[in-house]
Each structure stands twice: as structure tokens, then as C-alpha cells.
Amino acid sequence: MGITPTMGIPTNATIATDMSDIAIELQAPDITPYRRSTTGVDWIHTLDSGKPGPHVLVNALTHGNEICGAIALDRLFRMDVRPVQGKLTLAFANVRAFERFDTRNPYASRFIDEDFNRVWTRATLDGPRKSAELERARELRPFVEQADFLLDIHSMLEPSPPVMICGPLEKGIRFAFDVGVPEHIVSDTGHSNGTRMRDYGGFGDPASPKNALLVECGQHWERASEHVAWQTVWRFLRHTGAVDRAQAEEQIDRAAPPRQKLIRVTDAVIASTPSFRFARPYTGLEIVPRRGDVIAWDGSQPVVAPYDNCVLIMPVPNNIKTGLTAVRLGRLENA
Ligand SMILES: [Zn+2]
């Protein structure tokens, strides 16, 4: 998620200047040691235990400026992590965009030509269209197709609590609860302008045992997102059985995490005028208590909560463009 045009945030070319005061607390890692690979595809490494077991894929840099995932992979490589069964693939996806990462203009490196996380259908990947992201997605595709389990690591433009995006299927929801963090789980159907990697192929098929999660670790460059990514990776690796359990326990926080909450997305609020504005400065995951409460104003029209305890998911506070999603609404379950 994050900075896609459909989410109503400016594209690479236009930067929300009023957000330029967000501190860059994380340092983009040097990933050049991970370029060459025995897989034959740069930046994608498959570690084989030589034993039967699932193929587990941890993917970072689907979006080039979301660096907490790259930091987690760099740490895994430096620990020389190895699978104890099956295969473990560690992938840096949109490296070309990441290579443009510049702390003086950190918003400009989300992608080169288009959103890497909207091209994941067979028709698009098999089709004639060309872009930097499609070229890379076609390289990554065989690994995604071989994977039984995927964790795709992201972060968000707006400062907001972390969320696990588990897709629309019950198997994805179960997977998110099994991993156990972060606290908030969002079940959704994705985006109308393209398909995400986590919804591709067997991941989006209720009859397939394959399963995928997308974690949004917090704001792109805040210190906490690095910790969220690290904890999520190790809990994911432990649950899938990819790594030595004792090794995972050493990395996982001792304190029990908060009980998870499931939010099912019901609506997308589309801005229909240039003067869409929220009633209050929301940052995400706020609960609007009563049906009919005003969430925002779209021109002179109020946008109201359609039901009690309506959760606001990743609101876009600045420069919302007409026709684009300003916020998604969800129902809180097991509250
Ligand atoms: Zn992202």
C-alpha cells in the first residue's frame, strides 16, 4: 500500500511538501553483496536445506523506498540464516527503484515506471506491455509461483500503527493470527487498479494450500518499523517451520504481543470533489463510534460512518485527488 496514485497520494513526480518534515531514522542498507546469486537472477537467493518441506519466500523492496524489509533481509544474510527443511528464498524486488533512494528526496524512489504491486496477474505478466517493474516482476515470478508461503514486507507513507494485510480469504486471516503480530489484521480484496503479489495465483485461490501475507510495518523511515519487520519475519519463519525453532525463539521478543484484532474492509471512500477533507486529523485505525458520525466532508457533503465502530484504514490526509480513494472503512471483529 502506501504511496500509490489510487490511494490518493501524489505520484513520484509530486511530493507532499507538508510531509517533508518526517525524520529519516533508518539507514538504507548496502545490499550490493547480495547482487550475484546462484539462482541466476540478481538479488534473489534460494537457500536449499536438501530436505523436503515448504518453499518459503520473504520479499523486500516491492516498493523501493520501503527500506525496513531490506534491513531485515540484510540482517538475515549476515546471520547466515539457513532453512532446516524445504527452501528459503530471500528476494530484493524493485532494486532499481531502491538504488534511487536518496534521503534528500525519499519519496521519489517508490517505483520507476509503475507500482510493482499492481501487476500480479497472469494476463499482465504474459502480456506485451513493458516497464521496469514488469521486467523485474517477470524475473521474480518463478519464485513467487514456486513459493508455498510468502511474506511481503512493506511500510507506509503516513505515520500509522503497523497492520498485517491478509487478503479476503479465511486462510489468509488464519495465517495472520498464526504469525501473531502485528496487533491489527486487515482483511481486504486489494485494489481496483491491479493485483498484488500476495493475491497472485494459488495465494488467491481458496482451494490452494499456498498462503501469503503483506505486512505494513509502520512509517517508511521510523525506527520502530525495523523492529516490526524483524519480529514479523521471525514469527513467520517459525510458523512456516522454515528455520530452527530455537534460533527463532532467540530473535522473537519475550513479552507476549497484544491480542490481535481483525478488521474486515467493507468500503472505499472515493473523493468526488477537489475539496475533500477529513473532519479530524486521522492517522489510521481510529474507531468512529457511531453510525452517522461525520468522518469527512466531500465538498459540502458529509461522509458518514455506515455502521457503529467503523475503523479508518490508511486515510490519506493530504492532497487527495478527485476520483481516488481517501480512506477505506472496516468492521472490527472479536473486539
Ligand atoms: Zn509498499
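Quick note: structure is the one above.
Residues numbered from 1 in each chain as written. Predicted model: local features only at pLDDT ≥ 70, side-chain atom pairs only at ≥ 80, totals over all residues. Heavy atoms only, no water.

### A word on the pattern of salt bridges
Scanning the model with the defined rule gives 20 salt bridges in all. Across the pair Glu170 and Arg264 runs a salt bridge, and its minimum N-O distance is 3.1 Å. Taken together, the residues span a long stretch of sequence, with Glu170 in helix 5 (residues 170-179) and Arg264 in strand 8 (residues 261-270) at a distance of 94 residues. Arg264 sits in the partly exposed class, given a relative accessible area of 27%. (Salt bridge = Lys/Arg side-chain N within 4 Å of Asp/Glu carboxyl O. Helix = DSSP H or I, 4+ residues; strand = E, 2+ residues; numbered from the N terminus. Buried < 20%, exposed > 50% of the residue type's maximum accessible area, 1.4 Å probe, protein only.)

### Thoughts on the packing of helix 1 (residues 68-78) against helix 6 (residues 223-240)
In the contact formed by helix 1 and helix 6, the axes pass within 9 Å of each other and the chain directions differ by 55 degrees. The angle between helix 1 and helix 6 places the two elements in the oblique class. Every pair of crossing elements has a handedness; the one defined by helix 1 and helix 6 is right-handed. For the pair formed by helix 1 and helix 6, the contact residues are Cys68, Ile71, Ala72, Arg75 and Leu76 on the first element and Ser225, Glu226, Ala229, Trp230, Val233, Trp234 and Leu237 on the second. Its residues assigned to classes, the contact of helix 1 with helix 6 shows nine nonpolar, one polar and two charged. (Axes fitted to C-alpha atoms, helices over the stretch in contact; angles between N-to-C directions. Parallel < 35°, antiparallel > 145°, perpendicular 65-115°, else oblique. Left-handed = near helix turned anticlockwise from the far one by under 90°. Contact = heavy atoms within 4.5 Å. Nonpolar A, V, L, I, M, F, W, Y, C, P; charged D, E, K, R; others polar.)

### A look at the nonpolar core
The biggest cluster of nonpolar side chains holds 52 residues, and the ones touching the most others in it are Val58, Leu76, Leu90, Phe92, Ile153, Trp234 and Leu237. Put simply, the parts of the chain that give this core at least two residues each are strand 2 (55-60), helix 1, strand 3 (87-92), helix 2 (95-98), strand 4 (149-156), helix 5, strand 7 (211-219) and helix 6. Apart from residues no more than four positions distant in its own chain, Leu76 is found in contact with Val81, Leu90, Trp230, Val233, Trp234 and Leu237. Within the second largest apolar cluster, 20 residues are counted, among which are Ala93, Ala137, Val144 and Leu150. (Core = buried A, V, L, I, M, F, W, Y, C linked by side-chain atoms within 4.5 Å.)

### Re the packing of helix 5 against helix 6
Relative to each other, helix 5 and helix 6 sit at 110 degrees, their axes nearing to 9 Å. Between helix 5 and helix 6, the angle falls in the class roughly perpendicular. Within the contact between the two elements, helix 5 uses Phe175, Asp178 and Val179 and helix 6 uses Thr232, Arg235, Phe236, His239 and Thr240.

### Topic: helix 6
A rise of 1.5 Å per residue sets the reference length of helix 6, with its 18 residues, at 26 Å; its end C-alpha atoms lie 27 Å apart and thus fit the reference within 8%. A large share of helix 6 lies buried, amounting to 14 of its 18 residues. At the exit of helix 6 stands Gly241, carrying a positive phi of roughly 75 degrees. (Expected span 1.5 Å × (residues − 1).)

### Things to note about the coordination of the zinc ion
Every protein donor of the zinc ion is accounted for by His63 (ND1), Glu66 (OE), Glu66 (OE) and His154 (ND1), and the metal-donor separations fall at 2.1 to 2.4 Å. Taken together, the four donor atoms coordinating the zinc ion and their angles of 57 to 150 degrees define a geometry best described as irregular. On the primary sequence, the residues serving as donors to the zinc ion are separated as H-x2-E-x87-H. You can see His63 sitting in the loop between strand 2 and helix 1 and its partner His154 sitting in strand 4, a full 91 residues away along the chain. For the pair His63 and His154, a shared accessibility class is recorded, and that class is buried. (Donors = N, O, S within 2.8 Å, 3.2 Å for Na, K, Ca; no water. Tetrahedral: all angles 85-135°; square planar, octahedral: opposite > 155°, others 65-115°.)

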